[in-house]
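# Working through the structure, step by step
Given next are the chains, with one letter for each unit.
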Amino acid sequence: MGSVSKKPPLRNRLARLAAAAAVGLAAAVVAVGAGELVAAFTGPDSAPVIAVGSAAIDLTPTPLKEYAVRTFGTNDKPVLLAGIQLTMAGLAVLAGLLAVRRRGLGAAVFVLFGGLAVWAALSRPVAGPADALPALAAGAVGAAALVLLAALVGPPRAVAVPEDGPVSARTEPPSGGPPRRVLLAATGGTVLLGGLALAGGRRLSDSRYDVSAARDAVRLPAPAVPAPPLPAGVGPGTPGLPPFVTPNRDFYRVDTALTLPRIDPRRWTLRIHGLVDRPLLITYDELLRYPLEELDHTLSCVSNEVGGPYVGTTRWLGVALPALLRRAGVRAGADQLVGRSQDGMTIGTPLESVLDGRRALLAVAMNGEVLPVEHGFPCRTVVPGFYGYTSATKWLVDLDVTTFAAHDPYWVKRGWDRTGAVRTASRIDVPAPFARVAAGDVTVAGTAWATHRGIAAVELRVDGGPWTQARLATDAGPDLWRQWSLTWSGARPGTHRLEVRATDGTGAVQTEDRASPFPAGATGWHSTVVTVT
Ligand SMILES: Nc1nc2c(c(=O)[nH]1)N[C@H]1C(S)=C(S)[C@@H](COP(=O)(O)O)O[C@H]1N2
Ligand SMILES: [Mo]
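Residues numbered from 1 in each chain as written. Chains lettered and ligands numbered in written order. Predicted model: local features only at pLDDT ≥ 70, side-chain atom pairs only at ≥ 80, totals over all residues. Heavy atoms only, no water.

This next bit is on the overall build of the protein chain. Along its length, the protein chain carries 13 helices and 21 strands. Over its C-alpha trace the protein chain gives a radius of gyration of 30 Å, far above what one expects of a compact globule, namely 24 Å for 533 residues. Projecting the C-alpha coordinates of the protein chain onto the three principal axes gives extents of approximately 100 × 70 × 40 Å. Within the protein chain, buried positions represent 51% of all 533 residues. In the protein chain, of all internal contacts separated by at least 6 residues, the share reaching a separation of at least 24 is 77%. In the structure as shown, the protein chain presents an accessible area of about 24300 Å², 60% of it carried by carbon and sulfur atoms. Considering the protein chain, the positive charge centre built from 52 side chains and the negative charge centre built from 42 side chains are found 9 Å apart. (Helix = DSSP H or I, 4+ residues; strand = E, 2+ residues; numbered from the N terminus. Rg over C-alpha atoms; globule rule 2.2 N^0.38 Å. Buried < 20%, exposed > 50% of the residue type's maximum accessible area, 1.4 Å probe, protein only. Contact = heavy atoms within 4.5 Å. Areas by Shrake-Rupley, 256 points an atom, 1.4 Å probe, with all protein chains shown as cover. Lys, Arg positive; Asp, Glu negative; His and termini not counted. Charge placed at Lys NZ, Arg CZ, Asp CG, Glu CD.)

Given below as C-alpha cells:
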C-alpha cells in the first residue's frame, strides 16, 4: 500500500514558525534601514517611524495625551516611539507568518504599513511630495526582502510516514527547499544590511542637518536694553529650593517635536504678514541688528499639574515684538497673532495683550546663551502672562496677524482654551513630599507664580488649621515667580499635611477648586504630606 500524509512533527513546525518570524523581523529591519537612508536626504521628519509617531501625536485625543504626560512626563516621546517599534515588530512577525504560506499576503502587510507611513509623512503640516519617499522605499524594500526570504523557508513539509514503517523514518527531513544555512545566512545578511543602512542613514542625517557649528558661530550683540540686576534676596536660599534663575540645562522642555527642528540661521527668515500694512521678511542677521532687550521672565506650561515641574525662569534676550508689529502696521480688526514654527506648530496669542505694553520678545538667547536647539533656536516668541502653548512658539518662522475667527491654532483645535492666561500657582518645594523631618522648628519653602500679575502673598496651613503668612522673597517683578519661606514652629511627631495658596498682584486668592490642566490650566492648592519624627 501507499503512505499517509501526516503533519510535520512539532519541532519542525516550531522551527518553521521561528524561521517565518525571523524572516519577517529581518525584512522590517532592512525596511526601516532603507527608510532612514532615504530620509537622510529628505529630512529626519520624513523617516517612517518618526512620521508615524508625529501623526500619532497629532491624532492622539487630548485625554489620552494628558494621561501620557501625567504618567510618563517628558519621557512620553521615548515611550511613544518604543510603542510604535513594538507594534512594527508585531506586524513584522505576522507578515513573516503569512508570507511562508502566501508570499503576497505577507508582502501586503509591508505595503499597507508603508502606505500608512506615506500618509503620515504627507500629513505633516509642512510636508512636500519628497517626504513620501522614505516610506515608499521602506515599504518596497521590506516587501521585496520578505518575499525573497520567505521563499527560502520553503513550503510546509508533509512528512511521508510509511504505514507500518519504522519511527526513524520520521526523523529524516525530506529533501527539497534550500538548506537551512542558506536561510540563516540570508536572514542574518538582511539584518546586517538593514542595521548598516540605519546607522549610516542616521549618521548622514546628523551631519547633513547639524546646526551646532552655525549656532556656535553666532555672536550675540550686547543688549541695548539690559535687564537690571536681580535684586538681592530674590531667593531665600533654603536648601532644596530650586535656584531663582533656572539653568538652561534644567529648563523644562515641552513640545510635539519627535526630531528637533535644526534650522541653519543663515537660511532662516521670519515673515510677518497678514492684517498689516507693510509685510516684513527678516533674516537672522537683520534680526540681530535690531536693538536687543533683556527680559527676566517665568515661563510655564498649561500641562503642569498642581505642584508640577513644568515652569522655569530665565533671562531672555530678543527684539521687542510690539515695536516690530507697529513697524509692520497692524490693521484694525486683527485680534490674534499666530506664530508658526518650522515644524508646522501654530500658537495664537491675543494681539491686544501683545500690544498692551507688556515686554513681548522675539527671543534669540536665554541666560546669555544662544537659544538651545530644544528651546527654539534660532528664534522663538515670549509673551509674559501666557502659558507656552499660547505665546512661546519655538523654531519660529512666520507671524500671521489675523483674527480668532479666521484661525484656530494647533492646541485650540484640540479643545484647549484659546486665551491661555497663566493661572495663579504655588508650590511647596521644601520639605519634599513624604520627607521625614525632625520635630521642632521646620523650614518650609517654595515657589509661587502668576505671570504678569505677580505674587502679593503666600500662605501656608498645617493639617487644615489657620493660614499663616509666609515670608516673601524680594519681588523681582510681576513677570517672575516669587519664592517664599516660613518656619513651622513646634512641629510634633506624626504625619502632617501642608497646604499652600497664593494671592496674585490683583488681590485674587488662588482658588481651592481642583481643575485638571485641560482645558485652561490646573487649579487648586498644592499640598504635601510630611512625617515629623
Ligand atoms: N514649535 C513649537 N513651539 C512650542 C511648542 C511646540 O510643541 N512646538 N510647545 C509650546 C509649549 S506647550 C510650551 S509650554 C513651551 C515650552 O517651551 P520650552 O520647551 O522651551 O520650555 O513651548 C511652546 N512652543
Ligand atoms: Mo505647554
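Below, the discussion takes up the packing of aromatic side chains. All chains considered together, the criterion is met by 12 aromatic pairs. With a centroid separation of 6.0 Å and an interplanar angle of 35°, the aromatic rings of Tyr252 and Tyr310 are classed as tilted. You can see Tyr252 sitting in the loop between helix H9 (212-216) and strand S3 (269-274) and its partner Tyr310 sitting in the loop between strand S5 (292-300) and strand S6 (311-320), a full 58 residues away along the chain. Tyr252 sits in the buried class, given a relative accessible area of 13%. Each residue in the set Tyr387, Tyr389, Tyr410, Trp411, Trp416 and Phe518 is aromatic and connected to the rest through ring pairs, giving one cluster. The ring of Tyr410 carries Arg414 above its face, with NZ or CZ at 3.7 Å from the centroid. (Phe/Tyr/Trp six-rings, centres within 6.5 Å; stacked < 30°, edge-to-face > 60°. Lys NZ or Arg CZ within 6 Å of the ring centre and 35° of its normal.)

Glancing now at the nonpolar core. If you look at the biggest cluster of nonpolar residues, it comprises 54 residues, and the most contacted ones within it are Ile272 and Leu362. Sort the elements by how many residues they give to this core and strand S9 (residues 361-366) lands first, with 6 residues. When neighbours within four sequence positions are excluded, Ile272 is seen to be in contact with Pro279, Leu280, Ile282, Leu324, Leu325, Ala328 and Leu399. Val52, Met345, Trp416 and Leu480 belong to the second largest nonpolar core, which has 34 residues in total. (Core = buried A, V, L, I, M, F, W, Y, C linked by side-chain atoms within 4.5 Å.)

With that out of the way, let us pick up the sheet that holds strand S21 (residues 526-532). With mixed pairing, the 5 strands of this open sheet are ordered in space as S14-S21-S20-S16-S17. At either margin of the open sheet sits one strand with a lone partner, and together these are strand S14 (436-437) and strand S17 (468-469). Sheet topology note: the strand S16 (residues 455-462)/strand S20 (residues 494-504) ladder contains 7 bridges and is antiparallel. The residue of S20 that forms the bridge with Leu460 is Val500. (Pairing = 2+ DSSP bridges.)

Glancing now at the sheet that holds strand S19 (residues 482-491). Strands in a sheet are paired, the pairing made by backbone hydrogen bonds, and the direction either parallel or antiparallel. Pairing is antiparallel across the open sheet formed by 4 strands, whose spatial order is S13-S15-S19-S18. The sheet is open, and its two edges are formed by strand S13 (425-430) and strand S18 (471-472), each paired on a single side.

So, about empty space enclosed by the protein. What the rule picks out here adds up to 3 cavities of 30 Å³ or more. The calculated volume of the largest cavity comes to roughly 190 Å³. Around the largest cavity, the lining comprises 15 residues; the ones closest to its centre are Ala31, Met88, Phe110, Phe113 and Gly114. Contributing elements (two or more residues each) for the lining of the largest cavity: helix H1 (10-42), helix H4 (76-101), helix H5 (103-123) and helix H6 (133-153). (1 Å grid on protein atoms, 1.4 Å probe; cavity = no way out; pocket = protein on both sides within 12 Å on 5 of 7 lines; lining within 4 Å. Points joined across faces, edges and corners; volume = space filled by probe spheres on them.)

Bringing the layout of surface pockets into the picture now. The gaps left among the atoms become clear once a water-sized probe is rolled over them. Considered as a void within the structure, the largest pocket measures approximately 920 Å³ in volume. Lining the largest pocket we find 46 residues, and of these Asp76, Val254, Asp255, Thr256 and Trp411 sit closest to its centre. Looking at the lining of the largest pocket, the elements that each hand over two or more residues are helix H2 (48-59), helix H3 (62-72) and H4. In terms of residue count, the dominant contributor to the lining of the largest pocket is H3 (7 residues). Partitioned by chemical class, the residues of the lining of the largest pocket number 28 nonpolar, 9 polar and 9 charged. (Nonpolar A, V, L, I, M, F, W, Y, C, P; charged D, E, K, R; others polar.)

Next up on the list: the pairing of strand S7 (residues 336-341). Counting buried positions over the 6 residues of S7 gives 5, a clear majority of the element. As consecutive antiparallel partners, S7 and strand S8 (residues 346-350) are separated by 4 residues, and within that stretch Gly344 has a phi angle of approximately 90°, a positive value.

Now for the pattern of salt bridges. One pass over the structure, following the stated rule, counts 21 salt bridges. Here Lys394 makes a salt bridge to Asp255, at a shortest N to O gap of 2.8 Å. Placement of Lys394 in the loop between strand S11 (380-382) and strand S12 (396-402) and of Asp255 in the loop between H9 and S3 is noted, with a sequence separation of 139 residues between them. In this structure Lys394 comes out as buried when scored by relative accessible area, which is 8%. (Salt bridge = Lys/Arg side-chain N within 4 Å of Asp/Glu carboxyl O.)

Right, let's talk about the environment of Leu230 for a bit. Here Leu230 is to be found in the loop between H9 and S3. Sequence separation of Leu230 and Thr62 is 168 residues, and the distance between their C-alpha atoms is 39 Å. Residues in contact with Leu230, not counting those within four places in the same chain, are Phe244, Val245, Asp296, Arg315 and Ala476.

Turning our attention to the environment of Pro228. When you line up the elements, Pro228 lands in the loop between H9 and S3. For Pro228, a relative accessible area of 59% puts it in the exposed group. Taking the C-alpha atoms as reference points, Pro228 and Ala257, separated by 29 residues in sequence, lie 34 Å from one another. Each residue touching Pro228, except ones within four places of it in the same chain, is listed here: Asp296 and Arg315.

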